[in-house]
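Letter by letter, the chains look like this.
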Amino acid sequence: MPKMDKLLVFLHKLGSPKSFYAWSGRALPWFVIIGGILFAYGLFAGLVLAPPDYQQGDALRIIYVHVPAAFMSLFIYSMIATCALIHLVWRVKLMDVMMQVSAPIGAWMTFLALFTGAIWGKPMWGIWWIWDARLTSELILLFLYLGLIALRQAIIEPQQASRAVAMLALIGFVNIPIIHYSVYWWNTLHQGATIAKFAQPSIANDMLYPLLAMMMAFFCYFIGLMMMRARSEVLWRERRTRWIRKLIRD
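Report follows, based on the coordinates. None of the values given here were measured: they were computed from a predicted structure.

Here's the deal with the pattern of salt bridges
Here comes step 1: A complete count under the given rule lists 5 salt bridges for this structure.
Here comes step 2: Residues Arg61 and Asp58 are paired through a salt bridge, measuring 3.0 Å at the closest nitrogen-oxygen approach.
Here comes step 3: Taking relative accessible area as the criterion, Arg61 reaches 16% and is therefore assigned buried.
Here comes step 4: One salt bridge in this structure joins Asp96 and Arg152, with 2.9 Å as the shortest N-O distance. Here Asp96, found in helix α4 (residues 93-125), pairs with Arg152, found in helix α5 (residues 133-154); they are 56 residues apart in sequence, far enough to count as distant. As far as the burial class goes, Asp96 and Arg152 line up, both buried.
Here comes step 5: Via salt bridges that share partners, Asp96, Arg152, Glu233 and Arg237 belong to a single interconnected network.

Right, dumping it as structure tokens:
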């Protein structure tokens, strides 16, 4: 069998509901433990050990929540769009599960990014909200998440709902590069990149390390919560299959 065929067989097996339920059960505790440790370090180092910014003072400490939430809002939607493409092309059932359980988490992360950004913007800009390109495109992302959730609830037939949600996710993906590059394409109040640069990050190490820890903590939180929700959804969707009945008996 060619190597590419072997890889496709492996990925298809890995993405089957039965295999996912097995390996996710083993991986889930690790994400919970690692995420908890990173949260504890990131919050303590960011709120206590890191020095105040020379211009913004202690108000900058909001970035230890705002930046990870904003990053995860983009990451989760990109993952949903990837799952949508795989689901439409290869009909992998697990990808639809991932889309369904990830959308509410992505909506929460986007809301948290907008909320913490408003808290930071009031003392820095003197206003809670402005129709800045970055802020507006991030708000559109929140509406896209809510649209994915509402569209699935609005269509009764599961297969039609999954296809409609997948198509909307792919169409909405055009907003992701707009959010990322908005600070470069338009004259905006929102600052440019600080850590996602090819050159030296324009942030001191005392602030950078807690921020990176918080970003990884948010990532672990998302993966752990997604796995827990996905495992519950898999059990419900596969409740009439033989392997679920065997799992209940054992």
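Don't stop here, the text continues.
Quick word on the nonpolar core
Here comes step 1: By size, the foremost hydrophobic cluster in this structure holds 57 residues, and its most contacted members are Ile76, Tyr77, Ile80, Leu94, Phe222 and Met226.
Here comes step 2: Sorting the residues of this core by element identifies α2 (17-49), α3 (63-90), α4, α5, α6 (158-172), α7 (175-185), α8 (205-237) and α9 (242-249) as the ones contributing at least two each.
Here comes step 3: With 13 residues, α4 is the largest single contributor of residues to this core.
Here comes step 4: Here Ile80 is in contact with Met99, Ser102, Ala103, Tyr145, Leu148 and Ala169, once residues within four sequence places are set aside.

Remarks on the packing of aromatic side chains
Here comes step 1: Scanning the entire structure with this criterion turns up 11 aromatic pairs.
Here comes step 2: Judged by centre distance (5.4 Å) and plane angle (85°), the rings of Trp129 and Trp131 are edge-to-face.
Here comes step 3: Residue classification places Trp129 among the partly exposed positions, given a relative accessible area of 26%.
Here comes step 4: Every member of this aromatic cluster is reached through a ring pair, and the members are Phe71, Phe75, Phe219 and Phe222.
Here comes step 5: For the cation-ring pair, Arg231 lies above Tyr21, with the distance from its terminal atom to the ring centre recorded as 3.9 Å.
Here comes step 6: Stacked on the ring of Trp236, the Lys or Arg Arg239 has its end atom at 3.8 Å from the ring centre.

A few points about the environment of Phe20
Here comes step 1: Here Phe20 shows up in helix α2.
Here comes step 2: For the pair Phe20 and Val234, spaced 214 residues apart in the sequence, the C-alpha separation amounts to 8.8 Å.

Some details on α3
Here comes step 1: End to end, α3 covers 39 Å across 28 residues, agreeing with the expected 40 Å (1.5 Å per residue, within 8%).
Here comes step 2: The positive-phi residue at the C-terminal boundary of α3 is Arg91, with phi of around 55°.

Let's talk about the packing of α3 against α4
Here comes step 1: Look at α3 against α4: their axes get within 8 Å of each other, and the N-to-C directions meet at 155°. One element, α3, and the other, α4, form an angle in the roughly antiparallel class. For the pair α3 and α4, the crossing hand works out as left-handed.
Here comes step 2: Classifying every residue of the contact of α3 with α4 by side-chain character gives 18 nonpolar, 8 polar and 1 charged.

What counts, and at which threshold
- Residues numbered from 1 in each chain as written.
- Predicted model: local features only at pLDDT ≥ 70, side-chain atom pairs only at ≥ 80, totals over all residues.
- Heavy atoms only, no water.
- Salt bridge = Lys/Arg side-chain N within 4 Å of Asp/Glu carboxyl O.
- Buried < 20%, exposed > 50% of the residue type's maximum accessible area, 1.4 Å probe, protein only.
- Helix = DSSP H or I, 4+ residues; strand = E, 2+ residues; numbered from the N terminus.
- Core = buried A, V, L, I, M, F, W, Y, C linked by side-chain atoms within 4.5 Å.
- Contact = heavy atoms within 4.5 Å.
- Phe/Tyr/Trp six-rings, centres within 6.5 Å; stacked < 30°, edge-to-face > 60°.
- Lys NZ or Arg CZ within 6 Å of the ring centre and 35° of its normal.
- Expected span 1.5 Å × (residues − 1).
- Axes fitted to C-alpha atoms, helices over the stretch in contact; angles between N-to-C directions.
- Parallel < 35°, antiparallel > 145°, perpendicular 65-115°, else oblique.
- Left-handed = near helix turned anticlockwise from the far one by under 90°.
- Nonpolar A, V, L, I, M, F, W, Y, C, P; charged D, E, K, R; others polar.

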